[in-house]
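This is what each chain is made of:
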Amino acid sequence: YHVTIDETISNTLMERYAQTFSLQYKMAFWLSLIFCVFTFASSTPPDDPVKCESGNTICTVTNSYGAFPDRSICEAAKVEYPETEAELVSMVAAATKAGQKMRVVTRYSHSIPKLVCTDGKDGILISTKFLNHVVRTDPKAETLTVESGVTLRQLIGEAAKLELALPYAPYWWGLTVGGMMGTGAHGSSLWGKGSAVHDSVTEIRIVSPGSVSDGYVKVRVLSETMNLEEFNAAKVSLGVLGVISQVTFKLQPMFKRSLTYVMGEDTDLGDEAVIFGEKHEFADFLWLPSQGKVVYRIDDRVPVNVSGNGLFNYLPFRSQSIVILAGTRYLEESEESSGDGNQKCVRAKGITYVLFRLAYGVKNDGFIFTGYPVIGKQDRMMSSGGCLDSHRNGLITACPWDPRIKSQFFHQTTFSVPLTNVKDFINEIKELVKLDPKSLCVLESSNGILMRYVTSSPAFLGKEEKALDFDLTYYRSKDDPLAPRLYEDYVEEIEQMAILKYKALPHWGKNRNLAFDGAIRKYKNAKAFLKVKERFDPSGLFSTEWTDQILGLEGNVTIVKQGCALEGLCICSEDSHCAPNKGYMCRPGKVYREARVCTRVSS
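Under the annotation held in an unreviewed UniProt entry, the protein carries the name L-gulonolactone oxidase and is attributed to Noccaea caerulescens. Under the UniProt heading Cofactor (unreviewed entry), the note attached to the protein is "FAD". As recorded by UniProt, the Catalytic activity (unreviewed entry) comment attached to the protein reads in full: "L-gulono-1,4-lactone + O2 = L-ascorbate + H2O2 + H(+)".

Structure follows, in structure tokens:
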């Protein structure tokens, strides 16, 4: 890739920051910035999330990051890889007849919570890895039917062949159709039907357990016109209704987008956040609260005949050298062990500055960035994931979070705050930052808080109202679940403030355990969803202890034990839930006093 770098990076800002630290830190600091400039066209592809001891039996399953929130190992008796719907039907029937638990696993398994896990060791995993075909196209009706293992990238590409476009979708294209619908994945928009992928769906084929008279399996075809209640349940299903086999999307004629990133002060962010999404169809924000900055994404639809061949190829989604990844991780660990927020802030400012100067990887002609606006077709501007364009190279390069190497390892907290509460929520975060301006550099080293618009959905477990989705990514110790984090009390307070005070809804495919505690009570159609679940799978063969917990059926998602609050398994109620031996005690929040957070207490 060709890159244009403003000379002031090395001559002014970056050098002034790096001069304040040791030579060792300087070297690692510069390595951590190189990933913003030198990324690679290919890498070793992600590993299969399922590993088996003998053929397809005696298996374990994980997610693409190599660990679930509670760090447990999920096991299964075997994994099945159907290649056709007929094979899928046969597999579900056999498992139903045997009374075996089943869960679906996707190609890359990107969900952070334990949605993929079966109970115990005797369950069956059904992978949609090879259910990745186009079933039919109808250009006149502007519809496209695909199997559930088709990735977002494939879906976008197949639509483009018909000169059609999916209007809204997540920014990472390594998700599958079934995975997106299982968790309610979305992009950013308040326009049209909103940014959720499932709200562009018109028909779903789903394979569920059946009675003896059904041959132990039942294939249902669901749509808005034939069976509305079941359709709205299946649009965001958490995988508890069965295996989605095929999905039909209603597309739109191809269009182009005009994108400009603008950085400004966050002084009036609370007011702007409420109205900005109505002004621009694909608007979002990157908020850098410790810097007092915000990056506005001014992104609008333009006619397809407007000149421009732009490409969105997000830099942090490209493959990176394992040497640079290891260096960056070394920096993170050094910052955490030193307990000095200054180093964290230096690196965060460097990373966010460089990414902004490089326009986050957008290119005017697919190769270089020459200036704004960047205009390109929807299929080139919607999503990216360069590290998946790969051939095996012996792990010389990889996706930045690949668990096989020393790489990124993080928590992700993602929730949707009702738009009516967003201004107050943002202002309370600002109050926290005033107490210690360095505190949220821990978020900025992952490029800040991503804020995306969502709107109400008819899906029973979809969004309830217009809201702003806050996506927080931050350091997690890879080896020690009892290791406290730098400024973790600030992040925990934001998390609890959103969930408890502002009634935020969790993203079903992200988050730590505590975000799901009592979450089902926030959905007005939860009972209707559970009725459909009982109808589709009365024996609960697609349900697990985890899904029963998040659906409020039995047990609780929180795990109370020593150090549980450090990994978001609980909200602390006593010092032992934190790390008292390292000076972290359970204390009230600083702004939201009802919060209980692990705070570093001076001896």
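This part covers the state of the cysteines. Counted by the stated rule, this structure contains seven disulfides. There is a disulfide in this structure between Cys52 and Cys59, and the S-S distance comes to 2.1 Å. Negative torsions about the S-S bond denote left-handed disulfides, and the value of about 100° found for Cys52 with Cys59 makes this one right-handed. Of the residues examined, Cys59 reaches a relative accessible area of 2% and is grouped as buried.

Right, let's get into the side chain of Ser543. Within the secondary structure layout, Ser543 lies in the loop between helix H14 (526-536) and helix H15 (545-550). The contacts of Ser543, once residues within four sequence positions are left out, are Lys101, Asp119, Val240, Lys533, Asp537 and Asp548.

Further remarks concern empty space enclosed by the protein. Under the defined criterion, the tally for this structure stands at seven cavities of 30 Å³ or more. For the second largest cavity, the calculated volume is near 130 Å³. What lines the second largest cavity is a set of 19 residues, among which Gly184, His186, His198, Gly462 and Lys463 lie closest to the centre.

As a further point, take the packing of helix H11 (residues 422-435) against helix H13 (residues 488-501). The N-to-C vectors of H11 and H13 enclose an angle of 160°; their axes lie 11 Å apart at closest approach. With respect to H13, the axis of H11 lies roughly antiparallel. You can see that H11 and H13 cross each other, and the crossing is right-handed. Residues Phe425, Glu428, Ile429, Leu432 and Leu435 of H11 touch H13, and the partners they reach there are Tyr490, Glu493, Ile494, Met497, Ala498 and Lys501. Grouping the amino acids of the contact of H11 with H13 by side-chain chemistry returns eight nonpolar, no polar and three charged.

Now for the sheet that holds strand S7 (residues 143-147). By definition, the strands of a sheet pair up through backbone hydrogen bonds, in either a parallel or an antiparallel sense. Pairing within the open sheet is antiparallel, and its five strands lie in the order S6-S7-S11-S9-S10. Taken across any chain shown, the strands that pair with only one partner, and hence form the sheet edges, are strand S6 (134-138) and strand S10 (217-223). Adjacent strand axes in the sheet meet at a mean angle of 10°, parallel and antiparallel pairs treated alike. Along the sheet, helix H4 (residues 152-161) contacts S6, S7 and strand S11 (243-250); its crossing angle with S7, the most-contacted strand, is approximately 145°.

With that settled, consider H14. Restricting attention to buried positions, one finds in H14 the residues Ala526, Ala528, Phe529, Val532, Lys533 and Phe536. Buried residues in H14, looked at end-on, bunch into an arc of 160°, giving them a common side. Residues of H14 that are exposed and angled more than 90 degrees away from the buried face: Lys527 and Lys531. Those residues of H14 that are buried lie in contact with strand S9 (201-209), S10 and helix H6 (228-234).

Residues of helix H7 (residues 269-279) that are buried include every one of Leu269, Gly270, Glu272, Ala273, Phe276 and Gly277, and no others. Around the axis of H7, the buried residues are gathered within 150° of arc, so they sit on the same side. For H7, the elements touching its buried residues are strand S14 (284-288), strand S15 (293-302), H11, strand S22 (449-454) and strand S23 (467-475).

Moving on: the nonpolar core. Grouped together as the largest cluster of nonpolar side chains are 80 residues, with contacts concentrated most on Leu155, Val177, Ile204, Leu241, Phe249, Leu461 and Ile550. Per-element accounting of this core gives the leading share, five residues, to H14. Those residues in contact with Leu155 that lie beyond four places of it in its chain are Leu144, Val146, Val150, Leu166, Val177 and Phe249. In terms of nonpolar packing, the next biggest core, distinct from the first, is built from 40 residues, Leu190, Phe415, Met451 and Val491 among them.

The next thing to look at is the sheet that holds strand S4 (residues 102-105). Spatially, the five strands line up as an open sheet ordered S1-S2-S3-S5-S4, and their pairing is mixed. Looking at which strands have only one partner, the edges of the open sheet turn out to be strand S1 (50-54) and S4. Neighbour to neighbour, the strand axes of the sheet diverge by 45° on average, direction disregarded. With four bridges connecting them, strand S2 (residues 57-61) and strand S3 (residues 74-80) associate as antiparallel partners. Bridging from a neighbouring strand, Val61 pairs with Cys74 of S3.

As enumerated under the stated definition, the model contains 40 salt bridges in all. Between Asp480 and Lys582 there is a salt bridge, with the nearest N and O atoms lying 3.4 Å from each other. Within this pair, whereas Asp480 is found in the loop between S23 and H13, its partner Lys582 is found in the loop between H15 and strand S25 (584-588), the two being separated by 102 residues in sequence. Where salt bridges share partners, they join Arg257, Asp284, Arg297 and Asp299 into one cluster.

Glancing now at the packing of H7 against H11. For the pair H7 and H11, the least separation of the axes is 8 Å and the interaxial angle reads 150°. Between H7 and H11, the crossing angle belongs to the class labelled roughly antiparallel. In this structure, H7 crosses over H11, and the sense of that crossing is right-handed. Listed contacts from H11 to Leu269, Gly270, Asp271, Ala273 and Val274 of H7 are Val422, Lys423, Ile426 and Lys430. For the contact of H7 with H11, the per-class residue count stands at five nonpolar, one polar and three charged.

So, on to the UniProt feature "domain: FAD-binding PCMH-type" (unreviewed entry) in the protein. As annotated by UniProt and renumbered to match this structure, "domain: FAD-binding PCMH-type" (unreviewed entry) occupies residues 72-254. The span residues 72-254 is 21% helix and 29% strand, and its two end C-alpha atoms sit 44 Å from each other.

Let us look at the side chain of Glu335. Along the polypeptide, Glu335 turns up in helix H8 (residues 322-338). The exposure class assigned to Glu335 is buried, which follows from its relative accessible area of 0%. Polar side-chain contacts of Glu335 include one of 3.3 Å to the side chain of Lys344. Within the local environment of Glu335, its side chain forms a polar contact with the side chain of Arg347, the two groups lying 2.7 Å apart.

The rules behind each value
Residues numbered from 1 in each chain as written. Predicted model: local features only at pLDDT ≥ 70, side-chain atom pairs only at ≥ 80, totals over all residues. Heavy atoms only, no water. UniProt positions renumbered as here; feature names shortened; annotations may be inferred. Disulfide = S-S within 2.5 Å. Buried < 20%, exposed > 50% of the residue type's maximum accessible area, 1.4 Å probe, protein only. Helix = DSSP H or I, 4+ residues; strand = E, 2+ residues; numbered from the N terminus. Contact = heavy atoms within 4.5 Å. 1 Å grid on protein atoms, 1.4 Å probe; cavity = no way out; pocket = protein on both sides within 12 Å on 5 of 7 lines; lining within 4 Å. Points joined across faces, edges and corners; volume = space filled by probe spheres on them. Axes fitted to C-alpha atoms, helices over the stretch in contact; angles between N-to-C directions. Parallel < 35°, antiparallel > 145°, perpendicular 65-115°, else oblique. Left-handed = near helix turned anticlockwise from the far one by under 90°. Nonpolar A, V, L, I, M, F, W, Y, C, P; charged D, E, K, R; others polar. Pairing = 2+ DSSP bridges. Arc of directions from axis to C-beta. Core = buried A, V, L, I, M, F, W, Y, C linked by side-chain atoms within 4.5 Å. Salt bridge = Lys/Arg side-chain N within 4 Å of Asp/Glu carboxyl O. Polar contact = N/O pair within 3.5 Å; in protein donor to acceptor, adjacent residues only side chain to side chain.

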